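This is what each chain is made of:
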Amino acid sequence: KGRILREDITKAFKSTSAPVAAGGASGGMGIPPIPVIDFSKFGPVEHMEMPRIKKLSGPALHRSWLNIPHVTHNDEADITDLDKYRKEMDTMAKENGYRVTLLSFVIKASVSALKEHWEFNSSIHPDGDKLIKKDFYNIGFAADTPQGLMVPVIKDADKKGLVQISKELMELSAAARGGKLKGPDMQGATFTISSLGGIGGTSFTPIVNAPEVAILGLTRSKMAPVWNGEEFVPRLMQPLSLSYDHRAVDGALAARFCVTLKGLLGDMRKLMW
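Residues numbered from 1 in each chain as written. Predicted model: local features only at pLDDT ≥ 70, side-chain atom pairs only at ≥ 80, totals over all residues. Heavy atoms only, no water.

*Asks:* Looking at this structure, I do not really get helix α3 (residues 80-94). What am I missing?
*Replies:* With 15 residues, α3 ought to run about 21 Å at 1.5 Å a step, and its terminal C-alpha atoms sit 21 Å apart, in line with that. Within α3, burial applies to T80, L82, D83, R86, M89, D90 and A93. On its buried face, α3 is in contact with β1 (70-78), α4 (102-116), α5 (162-177), β11 (232-245) and α6 (251-266). (Helix = DSSP H or I, 4+ residues; strand = E, 2+ residues; numbered from the N terminus. Expected span 1.5 Å × (residues − 1). Buried < 20%, exposed > 50% of the residue type's maximum accessible area, 1.4 Å probe, protein only. Contact = heavy atoms within 4.5 Å.)

Shown next, in the form of structure tokens:
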């Protein structure tokens with residue numbers, strides 16, 4: 001007679017997966033949730049509060065990973081000559097209270113590569129049938145802080161030189177570590193760079209920061225023997241890991257972007273064009 005019986009509840013209970021903890025262990029989009037497990041049955045545990053930044057960024061990363069068909073293209077750039085020039089600039093910069101890191105050069109080179117391959121500086125239109133081409137170049141960079149990962153943004157990077165970019169990198173990084181970044185400091189990025197060079201690694205898959213369509217990952221550079229046509233010579237090689245949204249960028253275009261970026265980093269004179 002339309003009543004809910006005991007058998008209905010029992011049947012429903014048996015067909016339902018284990019409850020999901022707040023914060024989102026559920027998959028979404030039809031993906032089965034991760035079962036809740038009482039780990040204390042196996043040994044001592046502690047419940048550690050996640051930093052606020054991770055609580056905020058976690059759902060955004062999860063959303064990007066579920067919605068974007070990620071592909072990562074790995075390559076290497078010869079930065080032997082660039083690094084010599086960088087060290088010279090850095091020595092002079094120290095006297096004026098700032099530093100010049102490889103990231104400054106990568107930002108400058110990325111802007112040039114984005115101009116040549118505009119698809120990487122776009123977003124997918126909500127209707128899914130168009131790309132929104134952006135004629136401005138705001139570069140986000142991942143900053144490791146005690147509170148968690150933050151992504152400050154250097155606005156209008158195409159209009160700034162290496163010195164100004166280096167100073168802004170230092171200022172924004174300090175603000176991030178001190179918890180003094182404001183909302184506008186982390187908004188409006190068109191392309192993001194995540195560098196693990198100061199820590200290590202050989203390659204990784206950075207998650208695209210939607211609605212951007214690509215992100216560049218950097219790991220630690222290393223000296224390697226490189227064949228120059230006659231002999232092996234020691235060269236400083238910088239690993240590049242380019243993750244991209246396959247809906248907006250295909251593999252051939254990603255490879256061309258990396259070739260352009262490698263050419264710019266390999267010949268610093270091109271950064272001045």
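*Asks:* How should the side chain of S194 be read in this particular structure?
*Replies:* As for its position among the elements, S194 is in strand β8 (residues 191-195). Since its relative accessible area comes to 12%, S194 is described here as buried. Apart from residues no more than four positions distant in its own chain, S194 is found in contact with A142, F204, I215, L216, G217 and L218.

*Asks:* Sorry if this is basic, but what is going on with the packing of aromatic side chains here?
*Replies:* Aromatic rings considered in pairs are described by the distance between their centres and by the relative angle of their planes. Throughout the structure, instances matching the rule amount to four aromatic pairs. Aromatic side chains F191 and F257 sit 5.9 Å apart centroid to centroid with 50° between the ring planes, which places their arrangement in the tilted category. With F191 in strand β8 and F257 in helix α6, this pair connects stretches of sequence that are 66 residues apart. Across the pair, F257 and F191 agree in class, each one buried. These aromatic residues form a ring-pair network of at least three members: F120, F191 and F257. (Phe/Tyr/Trp six-rings, centres within 6.5 Å; stacked < 30°, edge-to-face > 60°.)

*Asks:* Mind showing me how you'd approach α5 here?
*Replies:* Every α-helical turn comprises 3.6 residues, leaving residues that sit three or four positions apart pointing alike. Taking 1.5 Å of rise per residue, 16 residues should cover 22 Å, and α5 covers 22 Å from first to last C-alpha, within 8% of that figure. L162, I165, S166, E168, L169, L172, S173, A175 and A176 are the residues of α5 that are buried. Contacts made by the buried residues of α5 are with α3, α4, β4 (139-141), β5 (143-145), β6 (148-150) and β7 (153-154). Where α5 ends, the next residue or the one after it, G179, has phi of about 70°, a positive value.

*Asks:* I'm lost on the packing of α4 against α6 in this one. Help?
*Replies:* Two measures define how a pair of helices packs: the angle their axes make with one another and the distance between the axes. Running from N to C, α4 and α6 cross one another at 135°; their axes reach a closest spacing of 9 Å. Looking at the two axes, α4 sits oblique to α6. Seen from above, α4 lies across α6 with right-handed handedness. Facing α4, whose interface residues are F105, V106, A109, S110, S112, A113, L114 and E116, α6 presents F257, T260, L261, L264 and L265. Of the residues in the contact of α4 with α6, the class split is nine nonpolar, three polar and one charged. (Axes fitted to C-alpha atoms, helices over the stretch in contact; angles between N-to-C directions. Parallel < 35°, antiparallel > 145°, perpendicular 65-115°, else oblique. Left-handed = near helix turned anticlockwise from the far one by under 90°. Nonpolar A, V, L, I, M, F, W, Y, C, P; charged D, E, K, R; others polar.)

*Asks:* Looking at this structure, how should I read a nonpolar patch on the surface?
*Replies:* A contiguous nonpolar surface patch, about 430 Å² in accessible area, is contributed by I37, F39, F42 and V45. As for its placement among the helices and strands, V45 is situated in the loop between α1 (6-15) and α2 (52-67). For V45, a relative accessible area of 42% corresponds to the partly exposed category. (Patch = residues over 30% accessible without salt bridge, like charges linked within 9 Å, V, L, I, M, F, W, Y side chains within 5 Å. Areas by Shrake-Rupley, 256 points an atom, 1.4 Å probe, with all protein chains shown as cover. Salt bridge = Lys/Arg side-chain N within 4 Å of Asp/Glu carboxyl O.)

*Asks:* What should I look at first to understand the pattern of salt bridges in this one?
*Replies:* Pairing of side chains with opposite charge becomes possible as their charged atoms draw close. Taken as a whole and judged by the stated rule, the model has 11 salt bridges. Between K55 and E49 there is a salt bridge, with its nearest N and O atoms 2.3 Å apart. Given the relative accessible area of 64%, E49 is considered exposed. Close ionic contact of E168 with K160 constitutes a salt bridge, the shortest N to O distance being 2.7 Å. The exposure class assigned to E168 is buried, which follows from its relative accessible area of 17%. Via salt bridges that share partners, D78, D81 and R235 belong to a single interconnected network.

*Asks:* Just checking my understanding: could you explain the environment of V36 for this structure?
*Replies:* Assignment of secondary structure puts V36 in the loop between α1 and α2. Judged by its relative accessible area of 48%, V36 falls in the partly exposed class. C-alpha separation for the pair V36 and Y244, spaced 208 residues apart in sequence, amounts to 32 Å.

*Asks:* Would you take a moment to explain unusual backbone geometry for this structure?
*Replies:* A negative phi angle is the norm for most residues apart from glycine, just as the trans form is the norm for most peptide bonds. Residue A210 is joined to P211 through a cis peptide bond whose omega torsion reads 15°. Tracing the backbone through its elements, the reader meets P211 in the loop between β8 and β9 (214-218). Here D156, not a glycine, exhibits a phi torsion of approximately 50°, which is positive. Mapped onto the elements of the fold, D156 is located in the loop between β7 and α5. On the accessibility criterion, D156 (31% relative accessible area) is partly exposed.

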